[in-house]
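Reading the structure
Here is how the chains run, residue by residue.
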Amino acid sequence: MKIRLARINVYIRTMKKIRIIDFNLLIFLILCFSFGKASATTEGEFLPKDNHVCFFEVDETNETTVTSAERKTKEKKPRRSGRRGKVNFETFREYYEKAMNLYNKKAWLSAARIFEQLYPLSIGTPLGDTILFYFADSYFQNRDYQMAAFHFRDYVRRYPGTERTELAALNAVKAMYFSSPEYYLDQFITLMAIDEVNLFIQNYPYSKHIEECNEILDALRDKLAKKEMEMVRMYYRTGNYEAAQIMARNFLKTYSYSKYAPEVLFILVRNNFDFARRSVEHRKYHRFKDVLDAFETLQARYPESRFIADAKKIADEAANQIKKLDERKK
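So, how was this worked out
- Residues numbered from 1 in each chain as written.
- Predicted model: local features only at pLDDT ≥ 70, side-chain atom pairs only at ≥ 80, totals over all residues.
- Heavy atoms only, no water.
- Helix = DSSP H or I, 4+ residues; strand = E, 2+ residues; numbered from the N terminus.
- Axes fitted to C-alpha atoms, helices over the stretch in contact; angles between N-to-C directions.
- Parallel < 35°, antiparallel > 145°, perpendicular 65-115°, else oblique.
- Left-handed = near helix turned anticlockwise from the far one by under 90°.
- Contact = heavy atoms within 4.5 Å.
- Nonpolar A, V, L, I, M, F, W, Y, C, P; charged D, E, K, R; others polar.
- Expected span 1.5 Å × (residues − 1).
- Buried < 20%, exposed > 50% of the residue type's maximum accessible area, 1.4 Å probe, protein only.
- Salt bridge = Lys/Arg side-chain N within 4 Å of Asp/Glu carboxyl O.
- Core = buried A, V, L, I, M, F, W, Y, C linked by side-chain atoms within 4.5 Å.
- pLDDT = per-residue confidence, 0-100.

A short note on unusual backbone geometry
Not every positive phi belongs to a glycine, and K106 is a case in point at roughly 70°. Considering the arrangement of structural elements, one finds K106 in the loop between α3 (92-104) and α4 (108-122).

Given below as structure tokens:
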């Protein structure tokens, strides 16, 4: 109990000392404030006449004297109009010239980034079609053909009557053509490119670029034909004879002009022969006849084809099988 009372007395004495220190500090602050205010009112004649009031700023390491003019210079920083590096109406002309310089220097991607910021501000102005055209062409030159096709088509839609419209439509065709994937991949973009070529031929039937567009159209169709031919070949190799027969006949209806047509006819001759040999007895006769029909078509359409000799051997064997079947019926 005595120990607890002793601790309490020590705590009370400590609190009294803290109160005395706090009171003394408060008195000191009041005196400093009063002295400073009096100095400012009664001793103004000792201040410099150039109105540069001196005062002290206390740094963590030392004290330095700073004039009021210097303090204003530090506090007030000049405001800049617009955000730095941002295209706006005030900096439009500057960035337009910068984009054109980059374009002329073949810095296509850097130019495209600036044109992209300029175009929304240029809509409805005389520079709108110019900026959109160079924006699309920057992507085209940088071989980003999908973006180029999108913006060239947008140009044709927005500015149908300018001197660049036909060229933009042609570049959209080329960009779609270059975007077309390899024949063994999905050919959705190839079909879109074919539609784009047909649209150009329809809108500009007397264009000097018609021959070029026809060549692009042939190349795109050739890619589709090759994909179909490979499917016929795959069905035959995997023993799906009926599916191969259907695919080959559809191919010959759609791509009869193709350079792959003779090979597809030869595959059809072989396919029909193997299909007939593996068929039940009462179906063999008609399926061997299909072999002869396919060979006759190949011989009539492509008499100089390199597949004629091998196809004739298969057709002769099919004819012999038909004779044997006829003899059995007798």
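Having seen the structure, we can now continue with the description.
Observations concerning the packing of helix α7 (residues 165-179) against helix α8 (residues 188-203)
Packing of α7 against α8 leaves a shortest axis separation of 8 Å and a crossing angle of 160°. Here α7 lies roughly antiparallel to α8, going by the angle between them. The crossing of α7 and α8 is left-handed. Contact with α7, carried on its side by E166, A169, L170, A172, V173, M176, Y177 and S179, involves I189, M192, A193, E196, V197 and F200 of α8 and no other residues of that element. Counted by class, the contact of α7 with α8 contains 11 nonpolar, 1 polar and 2 charged residues.

As for helix α5 (residues 128-141)
Along its 14 residues, α5 runs 20 Å from first to last C-alpha, staying within 8% of the 20 Å computed at 1.5 Å per residue. Of all the 14 residues making up α5, 13 are buried; the element is thus mostly covered by neighbouring parts of the structure.

Some thoughts on the pattern of salt bridges
Enumeration over the complete set of coordinates arrives at 10 salt bridges. Between R153 and E196 there is a salt bridge whose closest N-O contact spans 3.4 Å. Highlighted residues: R153 in helix α6 (residues 145-158) and E196 in helix α8, separated in sequence by 43 residues. Judged by its relative accessible area of 38%, R153 falls in the partly exposed class. Between K174 and E212 there is a salt bridge; the shortest N-O distance is 3.2 Å. Taken as a pair, K174 in helix α7 and E212 in helix α9 (residues 210-237) lie far apart in primary sequence, 38 residues in all.

Regarding helix α11 (residues 261-277)
End to end, α11 covers 25 Å across 17 residues, agreeing with the expected 24 Å (1.5 Å per residue, within 8%). Burial within α11 is extensive, with 15 of its 17 residues counted as buried.

Side note on the nonpolar core
In this structure, F115, L118, I131, F152 and F251 are the most contacted members of the largest nonpolar core, which totals 82 residues. Residue contributions to this core peak at 10 residues, all from α11.

Concerning the confidence of the model for the protein
Chain-level statistics for the protein give a pLDDT mean of 82 and a share of 74% at 70 or above. The low-confidence segment residues 1-6 (pLDDT under 50) makes 0 contacts with residues lying over four places distant or belonging to another chain. Low pLDDT (under 50) marks residues 76-84, which in the prediction has 2 contacts with non-local residues, meaning those over four places away or in another chain.

Some thoughts on the packing of α3 against α5
Where α3 contacts α5, the two axes come as close as 12 Å, and the packing angle between them is 35°. The two elements α3 and α5 meet at a crossing, and its hand is left-handed. Taken together, the residues of α5 that come into contact with α3 (itself represented by F92, Y96, M100 and Y103) are T130, I131, Y134, D137 and S138. By residue class, the composition of the contact of α3 with α5 is 6 nonpolar, 2 polar and 1 charged.

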